[in-house]
Amino acid sequence: MKKILKDWWLIIGLVCSIYFFGYAEVAGFFQRVILSTGIIQADVLDENEQYEADYDFKLLDEQGSVIDFSQFKGQTVFLNFWATWCPPCVAEMPDIHDLYKKMQGENVAFVLISRDENFDKAKNFIERKSYTFPIYKEASPLPSFFERRSIPSTFVISPEGKIIAMRIGMAKYNTEEFRMLLRDGSTYSIQP
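Nothing here was measured: the structure is a model prediction, and the numbers come from that model.

**Student:** What is the right way to read the pattern of salt bridges from this model?
**Tutor:** Side-chain pairs of opposite charge can arise where the charged atoms are in close proximity. Counting across every chain of the model gives 10 salt bridges. Between Glu138 and Arg115 there is a salt bridge, and its shortest N-O distance comes to 2.9 Å. With Glu138 in strand β7 (residues 135–138) and Arg115 in the loop between β6 (108–114) and α4 (119–129), this residue pair connects regions lying 23 residues apart in the sequence. The partly exposed category is assigned to Glu138, whose relative accessible area is 24%. For Arg115, a relative accessible area of 23% translates into the label partly exposed. Salt-bridge contacts for Lys123 lead to Asp120; the nearest nitrogen and oxygen are separated by 3.3 Å. Within this pair, Lys123 and its partner Asp120 are both found in helix α4, separated by 3 residues, close to a single helical turn. The class of Lys123 is partly exposed, set by a relative accessible area of 23%.

**Student:** Explanation requested: unusual backbone geometry in the structure shown.
**Tutor:** With the exception of glycine, most residues fall at negative phi, and the peptide bonds are largely trans. With an omega dihedral of 0 degrees, the bond running from Ile151 to Pro152 counts as a cis peptide bond. By secondary structure assignment, the location of Pro152 is in the loop between β7 and β8 (153–157). Within the chain, Ser130 stands out as a residue other than glycine whose phi angle is a positive 65 degrees. For Ser130, the position within the fold is in the loop between α4 and β7.

Cut-off values and rules
Residues numbered from 1 in each chain as written. Predicted model: local features only at pLDDT ≥ 70, side-chain atom pairs only at ≥ 80, totals over all residues. Heavy atoms only, no water. Salt bridge = Lys/Arg side-chain N within 4 Å of Asp/Glu carboxyl O. Helix = DSSP H or I, 4+ residues; strand = E, 2+ residues; numbered from the N terminus. Buried < 20%, exposed > 50% of the residue type's maximum accessible area, 1.4 Å probe, protein only.

Encoded structure:
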């Protein structure tokens, strides 16, 4: 009888958590545990696998201003596509925020593009979580290379305009090796 009651309390607790925090945040919490192991990392591309980045699109920032993505040319760009309804996106956000804080003062632009239909929902999520990185919404069609069906999708663009790393799916980014990649903006090799 005690085992049955314990099982029911566990189920009730899970249902209440999902009700109060939302499915994406509860599932994201469990996926964050997997990320903490560091086994899922971004794929660094060899020179012959790299692509030229297309900067020809516009974004809407949190204040409602339209900006040209080309303003980030000459910097290393951490480009991430995410949504509040996506558990893997929610799972990697704390790690990305820690990375963002550690990269302050470096020549690295963090461009996190929300795929939420309602941009206010994304802004409220960021504010509620006390994340300080900037978020954006698409203000024009994306170049085809960045149009992926799966999120999260992350790309690292070098100051020379080459896509040097990418990951379709969640990953742990706040590692010393990845910070070196962002600082160098080159094809520094990440060891598994």
